[in-house]
Each structure stands twice: as structure tokens, then as C-alpha cells.
Amino acid sequence: MSKVVLINTAFNNGAQYRFDIYPPLGLLYIASSLTNAGFEVAFIDPQTDLDYMEKIDSEVIDGSPLYVGFTTFMGDNIKNLLSFINYIKDRVPHVPIVCGGPLATSDPELCFKEAPVDLIVMGMGEECAVLIAERIQNGGDLTTIPYVSSNINNQIDI
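Residues numbered from 1 in each chain as written. Predicted model: local features only at pLDDT ≥ 70, side-chain atom pairs only at ≥ 80, totals over all residues. Heavy atoms only, no water.

A. Main features of the environment of Val-41. On the secondary structure map, Val-41 appears in strand β2 (residues 40–44). Separated by 33 residues in sequence, Val-41 and Met-74 place their C-alpha atoms 25 Å apart. Apart from residues lying up to four places away in sequence, Val-41 is in contact with Val-4, Leu-6, Ala-31, Leu-34 and Thr-35. (Helix = DSSP H or I, 4+ residues; strand = E, 2+ residues; numbered from the N terminus. Contact = heavy atoms within 4.5 Å.)

Written out as C-alpha cells, the structure is:
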């Protein structure tokens, strides 16, 4: 079974204590859609997984996922997102990075400009996440998926 890794970026990276924990509902919806379509999902949430970097190493660096998905928000989440993406791309540059969420939807150009992102899902991502996984798995064209912008071979298509 092919795997997709989803990583929550909404957490306070400097906090010693984690009292305000909110479920990453958008990513959980994506995970549910992928699971229902027959894909394995590895979900990493630094709010609750204190060993999240070890999990990224085992699931992404050593795990050969179809892609790694993130949701993007303003604030500290951007720093967390950039840190994760750069860490992953430095080690496994061939693994596609997919971003969605409010920031990616409202300003995909900024996301492509500031980070080595391969695909951006604009709007609701439950169906797009499955189509992306299916096309990567089967060697299909990623640039024709509705509501998905791409940066394939440094050719940005929004």
C-alpha cells in the first residue's frame, strides 16, 4: 500500500508545556479521504508527538512516501513549515511537497517563491489529495488536476 505523510505545522515550537492543543481538522479530513481511497497515511502532529523529528525521519526520510502534505497558516506556522520543508528537501529532494490551507489558497505565488513546494492545493483538498496520490502512484500528469497549482521542473503553473 502506498503511503502519504501529513504533518501539522500549527504548534508552538518553543513551548515547554502544551496546554492549548487544537485538532488539525483540515489535515484529518485529508487523512480520512486518503484512507478511504486505499492509501496508508502517516500523520505527524508535533502538538502531541514530542518525538516528531524522529517520526519525520522514519516516515519520510526512510519511508518513501508518495508525497508529504502540509497545511499553511500565517504566524509561527510559517516558520515551522519552512523548517520542515527544508529539512525534508535537503534529505530527500525527490519526494514531492504539497501545501494547502488558508495561506496556500490565498497566495500560492508566495508559497512557491518562499519555499521548495511542488504542488499547492487551493480550497477544499479532500478530493485533490487523493487525485495527487493516484497520479504520483500511476505516473499521471500532476499539472491537470483542478484547483492544484504546480512547480514542476521550475515551471510554475497557477
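B. Geometry of the packing of aromatic side chains. Applying the stated rule across the entire model yields 2 aromatic pairs. Seen in terms of ring centroids, Phe-70 and Phe-84 are 6.3 Å apart; in terms of plane orientation they differ by 15°. Their pairing is stacked. Placement of Phe-70 in strand β3 (residues 68–71) and of Phe-84 in helix α3 (residues 76–91) is noted, with a sequence separation of 14 residues between them. Residue class for Phe-70 comes out buried when judged on its relative accessible area of 3%. Residue classification places Phe-84 among the buried residues on the basis of a relative accessible area of 3%. Grouping aromatic residues by their ring pairs yields a cluster made of Tyr-52, Phe-70 and Phe-84. (Phe/Tyr/Trp six-rings, centres within 6.5 Å; stacked < 30°, edge-to-face > 60°. Buried < 20%, exposed > 50% of the residue type's maximum accessible area, 1.4 Å probe, protein only.)

C. Summary view of a nonpolar patch on the surface. A cluster of nonpolar side chains, Leu-25, Leu-28 and Tyr-29, forms an exposed patch at the surface whose accessible area comes to about 310 Å². Following the sequence through the fold, Leu-25 ends up in helix α1 (residues 25–36). Relative accessible area serves as the criterion here: at 48%, Leu-25 is assigned to the partly exposed category. (Patch = residues over 30% accessible without salt bridge, like charges linked within 9 Å, V, L, I, M, F, W, Y side chains within 5 Å. Areas by Shrake-Rupley, 256 points an atom, 1.4 Å probe, with all protein chains shown as cover. Salt bridge = Lys/Arg side-chain N within 4 Å of Asp/Glu carboxyl O.)

D. Highlighting the pattern of salt bridges. Under the defined criterion, the tally for this structure stands at 4 salt bridges. Notably, a salt bridge pairs Lys-3 with Glu-59, separated by 2.7 Å at the nearest N-O pair. Highlighted residues: Lys-3 in strand β1 (residues 3–7) and Glu-59 in helix α2 (residues 52–61), separated in sequence by 56 residues. A salt bridge links Lys-55 to Asp-49; its shortest N-O distance comes to 3.0 Å. The exposure class assigned to Asp-49 is buried, which follows from its relative accessible area of 13%. Several salt bridges converge on common partners, so that one network encompasses Asp-49, Asp-51 and Lys-55.

E. Structural detail: the packing of α1 against helix α6 (residues 126–138). Relative to each other, α1 and α6 sit at 50°, their axes nearing to 8 Å. Relative to α6, α1 is oriented oblique. For α1 against α6, the interelement crossing comes out right-handed. Across from Tyr-29, Ile-30, Ser-33 and Leu-34 in α1, the residues of α6 making contact are Glu-126, Ala-129, Val-130 and Ala-133. Looking at side-chain class alone, the contact of α1 with α6 contains 6 nonpolar, 1 polar and 1 charged residues. (Axes fitted to C-alpha atoms, helices over the stretch in contact; angles between N-to-C directions. Parallel < 35°, antiparallel > 145°, perpendicular 65-115°, else oblique. Left-handed = near helix turned anticlockwise from the far one by under 90°. Nonpolar A, V, L, I, M, F, W, Y, C, P; charged D, E, K, R; others polar.)

F. Seen up close, the nonpolar core. Counting 26 residues, the largest nonpolar core has Ile-7, Ile-56, Val-68, Phe-70, Ile-85, Ile-88 and Cys-99 as its most contacted members. When contributions to this core are tallied by element, the ones reaching two or more residues are β1, β2, α2, β3, α3, β4 (97–100), α4 (102–106) and α5 (108–114). Top contributing element to this core by residue count: α3, with 5 residues. Core analysis: the next-biggest nonpolar cluster, separate from the first, contains 20 residues, Ile-30, Leu-66, Ala-133 and Val-148 among them. (Core = buried A, V, L, I, M, F, W, Y, C linked by side-chain atoms within 4.5 Å.)

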